Amino acid sequence: MIAAAGKLDHVSEDAIRQLVDAFYVKVRVDPELAPIFARAIPGDWQPHLTRMYAFWSSLMLATGRYKGNPVAKHLVIPGMKPELFARWLALFDATCGELFDHATSEAFRIKAERIAESLRLALFYRPDRPWPPEPTP
Amino acid sequence: MTFVVTDNCIKCKYMDCVEVCPVDCFYEGENMLVIHPDECIDCGVCEPECPADAISADTEPGLESWLKLNAEYASVWPNIAIKREAPADAKAFDGVANKLKQYFSPNPGQGD
């Protein structure tokens, strides 16, 4: 269904595909994120996009379509920095806002923020260092 | 941040959670499941799936001892990602108070 403002008012597999495709178009031209992603995904992007359709389907529709270990995947990405998560979230939220009505967009944002913080902690939290971490030079 | 499995899972062990978990972070004891706090990505998908309402975010107050129990047994029990039949008497134990003291088993479950 399309809401009055022409935005999607609920989550579906098709909506997730639109979101993921539009989001990664932004990522791939973003000055901060593009170089990191280009190194992590040097070749064909479709397998990553397909995995992300499954990931968000699992999160938003509880389909169990994604099974993986995102912490391990992120640990081996060269050039990861704690502050990149904020940039990722800003782009993701902007994309959600373009596609979805407010409530649906919020549902995505809340999930994304929780998972981003969880990954950020897994990658960068050390008991002997300050948290949140100082920006890296 | 993580989600934790709490008292009402004991002897209910419905296992709906393991099917929806995107990161397979559930571990199986003889009569309860736990979440590995270092593997959980805090997505919260499992919480509403639990028919026994036994899963909570660790940000809720009073869950420190459950977080400790989840962490401790997740490191020794086998991983479970495929749902099986719940115990035959699961329904009878759903909602019974203070199951930890009376019924908790530290023995591992069968896993996948």
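*Asks:* With reference to specific residues and values, describe the pattern of salt bridges.
*Replies:* Residues and elements named next belong to chain A. Tallied over the full model, the rule gives 13 salt bridges over all chains. With its nearest N and O atoms 2.5 Å apart, the salt bridge here joins Arg87 to Asp30. With a gap of 57 residues between them, Arg87 in helix 5 (residues 84–99) and Asp30 in the loop between helix 1 (13–27) and helix 2 (34–40) connect regions that are remote in the sequence. Look at Arg87 and you get partly exposed, because its relative accessible area is 28%. By relative accessible area, Asp30 is classed as buried at 3%. Between Arg120 and Glu117 there is a salt bridge, with its nearest N and O atoms 3.1 Å apart. Placement of the pair is Arg120 and Glu117 together in helix 6 (residues 102–124), with a separation of 3 residues, close to one helical turn. A relative accessible area of 27% means that Glu117 is categorised as partly exposed. Through salt bridges that share partners, Asp30, Glu32 and Arg87 make up one connected network.

Reading the values: the criteria
- By convention here, each chain's residues receive numbers from 1 onward along its written sequence.
- Lettering of chains starts at A and numbering of ligands starts at 1, both following the order in which they are written.
- Selection of residues for local features in this predicted model requires a pLDDT of at least 70, selection of side-chain atom pairs for listing and counting requires 80 or more, and totals for whole chains, interfaces and linings are taken over all residues.
- Think of the side-chain values as coming from all heavy atoms in the structure, minus any hydrogens and water.
- The term salt bridge refers to a side-chain nitrogen of Lys or Arg lying within 4 Å of a carboxyl oxygen of Asp or Glu.
- Helix numbers and strand numbers start at the N terminus; a helix is a DSSP run of H or I with at least 4 residues, a strand a run of E with at least 2.
- Under the scheme applied here, a residue whose accessible area is under 20% of the maximum for its type counts as buried, over 50% as exposed, and between as partly exposed, the area being computed with a 1.4 Å probe on protein chains only.

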